Protein chains: 2
Amino acid sequence: MTYRDLDDTAAFDALKDFSHSKPGIADLLTPETVRCYTMAAGEHLMFSYAAKGMTPEFVSLLQDLADECHCTDRYRELLGGAAMNTGENRAVMHHLCRGSEGLPLCVVSAEHAGFYASQRDKFLKFAEQIRSGAIKSPSGHVYDTVVQIGVGGSCLGPKTVYEALDGYVGTDGNSKRLKVFFLSNVDPDECADIFSRINAASTIFIFVSKSGTTQETVTNFSFMKKLFSDMYQGQCLEAQTVAVTDRNVSLPDRDKYLASFYIDSEIGGRFSVTSACGGVMLSIAFGAGIFSRFLAGAHCSDVLALNDDIRKNAALMDALLGIYDVNILGYKANAVIPYSRALCGFHYHIQQLFMESNGKQTDIYGRRVRYETCPVTFGAVGTDCQHSFFQQFHQGTSYVPLEFIGFSEGQMGQDFLSGGHTSQHRLNACLAAQITALAVGRSNADPGRAFDGGRGSVLLFGDRLTPENMGALIAHFENKAMFQGFLWNVNSFDQEGVKLGKELAGLALSDSGNDVLRAYYSFF
Amino acid sequence: MTYRDLDDTAAFDALKDFSHSKPGIADLLTPETVRCYTMAAGEHLMFSYAAKGMTPEFVSLLQDLADECHCTDRYRELLGGAAMNTGENRAVMHHLCRGSEGLPLCVVSAEHAGFYASQRDKFLKFAEQIRSGAIKSPSGHVYDTVVQIGVGGSCLGPKTVYEALDGYVGTDGNSKRLKVFFLSNVDPDECADIFSRINAASTIFIFVSKSGTTQETVTNFSFMKKLFSDMYQGQCLEAQTVAVTDRNVSLPDRDKYLASFYIDSEIGGRFSVTSACGGVMLSIAFGAGIFSRFLAGAHCSDVLALNDDIRKNAALMDALLGIYDVNILGYKANAVIPYSRALCGFHYHIQQLFMESNGKQTDIYGRRVRYETCPVTFGAVGTDCQHSFFQQFHQGTSYVPLEFIGFSEGQMGQDFLSGGHTSQHRLNACLAAQITALAVGRSNADPGRAFDGGRGSVLLFGDRLTPENMGALIAHFENKAMFQGFLWNVNSFDQEGVKLGKELAGLALSDSGNDVLRAYYSFF
């Protein structure tokens, strides 16, 4: 069937009309609406959206839009193996990395699910052998450090999950943690710095590149090989390196590697953290059990995202509210603000997930869209950001809708009581205060001291940042990006826009390309 | 005198008219314009702005705007001690932390300059005593680690300079470096994690809070005191702590501290990295010589910023081009992209500097402005970001003007040659390629593979990220923010917008405040 562009739907027009008479956020926000407009976003993760100014009519119009754009139908189509990556004529199968129970599969997608499960079984077993010391380094050391070499989706998602769970695993009873470094940037300082910080003899390396030819990754692996070989008299780095590539790629010297695990073309980089691209590193660093719990959390969110009723589908509701912000209210940016220092780099992953997936100007039929698509997406951690750019959110000329994240408890199990309050209480009091201050505002005769209010936000919250909740968070945002792609009618799964820069970089190195390119390159 | 709002100037109207007939960026970009529209931004730092589509007429109109808004006059007024922080009726004196030679001072500002110089002399001497081991910890250890406890400007600026210069100092002949941790977030995990990573007996702590009462900083210092006292049988943390506060603040138990250094009310947090707020930590970590070189670099940029001719004033030219982007072209965001992993956190500081300074909706006379002020400001490091959100910059529906930063050489002195190119060459080829690809674009019959071009950027570049160049970078952006404040006619030096959230957080903890606040707080 042919899907309509967003502005061709009746629901979009109805929402536009509704927006002119919509009551203000401050007027709609009461303890009752705060309780009422809250739903599950995972097994233990909740999504609260009352501070977007909700009414039954607003929900009903958003539901109409979801239906008219066939959001959940298209998700089922995707799970059933349809070529939803239209530009590259491929299926999109990352959901199946975390399980298939309760998902509507077909023969094709069941085959992928089986392949991912078999790879997962293999790397989980391998990881436990590394952790137990059953597999030692060629020089006889038990591995105690991991270096993941990969860029983009092979770095950002895996890195944010590693950072998010490191503190949790450290306070777990069964607490063996390996230290992980991420080598992504072709800047030579990055490789040199990481090499200076590790004991290479007890370090396991993971080479992650779907194509096996990503320029930064190949260069960095070769640089690391040289540093290693200089230090250890010509020993071969491949013998303590795991390769993760597409199963159809034939990596040079594949048999020299310690092990190889595979994904396939149906998994895009920014959606690959639950595949071997993230899984090999995470299960070596934290253990098979932690990684499996992370997958279970993601799978739970994937099942919730099948609900046609948007009041039971947090990812879809979040996606719709974002579309309303961009295409009805005209907001140009969006920020993710976790009140948890373990998520201090989460926005880098979210930035890629949204801006690379939906920063597009043509629809799935190759036509220019007539509306804005993905807004600028950024973020930082609370409470730090309150002392930084929140000034603009409260009193700037343009508002940035916010997505807050918070947890009742910290990860490390230590806290400090002063004046009757723990630091965790102080942290969460700040979070509640920001949501309220932005939404409600405060008048003042001096305009420089006035707060307009009416500034909306949503909140994802849970008991603690566990592996399950981290899985749910990752899947929530992946599914939100997918649904927004359906609503904007763009292909969220390719990235044609990164190609020209790559080509020109090659030309600059070969001293060809246009004169302007050479003039800039000559500065360096 | 009374200053006009931006849209009350004749130059603004003239620029608006000009924009309708302005030739496209791709048409104006040639090797000649690339060379021509480049100027010094510091002693060894250059600013290239050809990729904004420059013509003599455009420059002349921007010059008119600078003149009509009295940009350099107001900078001189500021240096002369006028109360440019209108909301708080205070002078703005941070420039004088790095020297006063060549700056037009008066009696008042000369007094501040003398005070900052005397504090600097004291803390530089103190830092060398710490580094040499002449001052040891109470338990007799030579200090080898620093923990800076502070939030907002007491963290972000100092942290980015520390990160930027750590690799440089490590390869310097005289290479003693102390490891520094930054404790800013009230999240208890942050304090617990840092304490678990340090040997507290050989760690020097720096308590940085202008008022001495910043909630996060006081709580974190008390938490750290408790952890320390639990481990070392009631020993007092103050004895190995340096306090940095406003000279008019009387900190409880001031005499228990190892040392105290001072700033004054005329230095705002986000402009304080060259004061004792950054200087104590940086000179302990890297030595008095490195910190002095950093200040010299900043001072050089401050002197350049006095030029009335915008072709010789990089900070002012950069500021004007940013105003054109926001107020004539309607761009809503702005990104800073360094191709240097040492600057991977630079955007956090820049974000605060711009969004907190100029994220305002009232002018200096207390009237609502009729135009957009500070756009969303974010960033990330290249080449990583090319594999992330650059898709949107190339093919999204809204463009984000970029400020690139790059250097000819890396910091660590190690590189890797493959295929005839070093990694540093590859890094800079990518940078040149992105500027060119965005500006020039490429047509394609398939709209999904087409690049519109016409997307502008500026570039700051230098030989290497030295202390001098880092000082120049910091001062360049500080002065750019200041000039944009003059152009928008807002007070860049207060932050009224952060107050409501602070108050409500206090109410949430005391179980008072409005019902909505309590409903949100009850989630945790």
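What you see is a predicted model; the values in this text were computed from it and never measured.

Participant: Quick question: what am I supposed to make of the overall build of chain A here?
Facilitator: Within chain A, the regular secondary structure consists of 18 helices and 13 strands. Relative to its length of 524 residues, chain A is compact, with a C-alpha radius of gyration of 24 Å against a globular reference of 24 Å. Taking the principal axes of the C-alpha coordinates as reference, chain A spans close to 75 × 60 × 55 Å. At a minimum sequence separation of 6, the contacts of chain A that also span at least 24 residues come to 74%. Looking at chain A as shown, the accessible area adds up to about 16,200 Å², and 50% of this sits on carbon and sulfur atoms. Each charge class in chain A was averaged separately, 44 positive and 57 negative side chains, and the resulting centres sit 3 Å apart.

Participant: So what exactly am I meant to see when it comes to the environment of glycine 234 of chain A here?
Facilitator: Structurally, the position occupied by glycine 234 of chain A is in the loop between helix H9 (215-231) and strand E6 (241-246). Along the primary structure glycine 234 of chain A and serine 388 of chain A are separated by 154 residues, whereas in three dimensions their C-alpha atoms are 49 Å apart.

Participant: For this particular structure, what's the right way to read the relation of the copies chain B and chain A?
Facilitator: The relation between the two chain copies is a rotation about an axis coupled with a shift along that axis. Mapping chain B onto chain A leaves a residual RMSD of 0.0 Å; the transformation is a rotation of 180° accompanied by 0.0 Å of translation along its axis. Between the two chains, the operation in question is that of a two-fold axis. The fraction of interface residues of chain B whose copies in chain A are also interface residues reaches 100%, indicating that both copies meet through the same surface.

Participant: What exactly am I supposed to notice about empty space enclosed by the protein here?
Facilitator: Empty space among the atoms becomes apparent when a probe as large as a water molecule is rolled across them. In the structure shown here, the tally under the stated rule is 13 cavities of 30 Å³ or more. The volume enclosed by the largest cavity comes to roughly 130 Å³. Along the wall of the largest cavity there are 18 residues; nearest its centre are Asn334, Pro375, Thr377, Lys480 and Gln484 of chain B. Of all the secondary structure elements, the ones that give two or more residues to the lining of the largest cavity are helix H12 (314-328), strand E8 (333-339), helix H13 (346-358) and helix H16 (467-488) of chain B. Tallied by class, the residues present in the lining of the largest cavity amount to eleven nonpolar, four polar and three charged. Quantified by volume, the second largest cavity comes out at close to 80 Å³. As for the second largest cavity, its lining consists of Gly322, Val326, Asn334, Val336, Ile350, Phe354, Pro375, Thr377, Phe477, Lys480, Gln484 and Trp488 of chain A. Only helix H12 (314-328), strand E8 (333-339), helix H13 (346-358) and helix H16 (467-488) of chain A provide two or more residues apiece to the lining of the second largest cavity. A total of four residues in the lining of the second largest cavity trace back to one element, the largest contributor, which is H16 of chain A. By residue class, the composition of the lining of the second largest cavity is seven nonpolar, four polar and one charged.

Participant: Looking at this structure, how should I read the interface of chain B and chain A?
Facilitator: A common way to report how large an interface is uses the accessible area buried once the components associate. The partner chain A presents 134 residues to the 134 residues of chain B that form the contact. Buried surface at the junction of chain B and chain A, summed over both partners, amounts to about 11,700 Å²; 61% is from carbon and sulfur atoms. The largest share of the area that chain B buries against chain A comes from Arg341, Tyr520 and Phe524 of chain B, three residues that together contribute 7% of it. Among the salt bridges present, the one from aspartate 193 of chain B reaches arginine 341 of chain A, with a minimum N-O distance of 2.9 Å. At the junction of chain B and chain A, the tally comes to 51 residue pairs in polar contact (both at pLDDT 80 or more). When residues in the side of chain B that touches chain A are grouped by element, the largest group, 16 residues, is from helix H15 (residues 423-440) of chain B. Its residues placed into classes, the side of chain B that touches chain A shows 57 nonpolar, 51 polar and 26 charged.

Participant: Sorry, what's going on with the side chain of serine 48 of chain A here?
Facilitator: You can see serine 48 of chain A is positioned in strand E2 (residues 45-48). When sequence neighbours within four positions are dropped, the list of residues in contact with serine 48 of chain A reads Val34, Tyr37, Thr38, Val458, Leu459 and Phe461 of chain A together with Tyr520 and Phe523 of chain B.

Participant: Would you take a moment to explain the sheet that holds E2 of chain A for this structure?
Facilitator: Strands in a sheet are paired, the pairing made by backbone hydrogen bonds, and the direction either parallel or antiparallel. Residues and elements named next belong to chain A. Strand order across the open sheet formed by six strands is E1-E2-E13-E10-E8-E9, with mixed pairing between neighbours. Only two strands of the sheet have a single neighbouring strand rather than two, namely strand E1 (38-40) and strand E9 (376-379). If you compare each strand with its neighbour and ignore which way they point, the axes differ by 20° on average. Each of E2, strand E10 (402-407) and strand E13 (457-462) touches H16; the most contacted strand, E10, lies at about 165° to it.

Participant: Is there a simple way to explain H12 of chain B in this structure?
Facilitator: For an α-helix, 3.6 residues make a turn, and residues three or four places apart therefore share a direction. Residues and elements named next belong to chain B. Taking 1.5 Å per residue, 15 residues should reach 21 Å; H12 reaches 20 Å between its end C-alpha atoms and fits that length. Burial within H12 is extensive, with 15 of its 15 residues counted as buried. Just beyond H12, the residue with positive phi is glycine 330, at close to 80°.

Quick notes on the rules
Residues numbered from 1 in each chain as written. Chains lettered and ligands numbered in written order. Predicted model: local features only at pLDDT ≥ 70, side-chain atom pairs only at ≥ 80, totals over all residues. Heavy atoms only, no water. Helix = DSSP H or I, 4+ residues; strand = E, 2+ residues; numbered from the N terminus. Rg over C-alpha atoms; globule rule 2.2 N^0.38 Å. Contact = heavy atoms within 4.5 Å. Areas by Shrake-Rupley, 256 points an atom, 1.4 Å probe, with all protein chains shown as cover. Lys, Arg positive; Asp, Glu negative; His and termini not counted. Charge placed at Lys NZ, Arg CZ, Asp CG, Glu CD. Least-squares fit on C-alpha atoms with pLDDT ≥ 70 in both. 1 Å grid on protein atoms, 1.4 Å probe; cavity = no way out; pocket = protein on both sides within 12 Å on 5 of 7 lines; lining within 4 Å. Points joined across faces, edges and corners; volume = space filled by probe spheres on them. Nonpolar A, V, L, I, M, F, W, Y, C, P; charged D, E, K, R; others polar. Buried area = accessible area lost by both parts, 1.4 Å probe. Salt bridge = Lys/Arg side-chain N within 4 Å of Asp/Glu carboxyl O. Polar contact = N/O pair within 3.5 Å; in protein donor to acceptor, adjacent residues only side chain to side chain. Pairing = 2+ DSSP bridges. Axes fitted to C-alpha atoms, helices over the stretch in contact; angles between N-to-C directions. Expected span 1.5 Å × (residues − 1). Buried < 20%, exposed > 50% of the residue type's maximum accessible area, 1.4 Å probe, protein only.

Everything listed here is a matter of geometry and, on its own, says nothing about what the molecule does.
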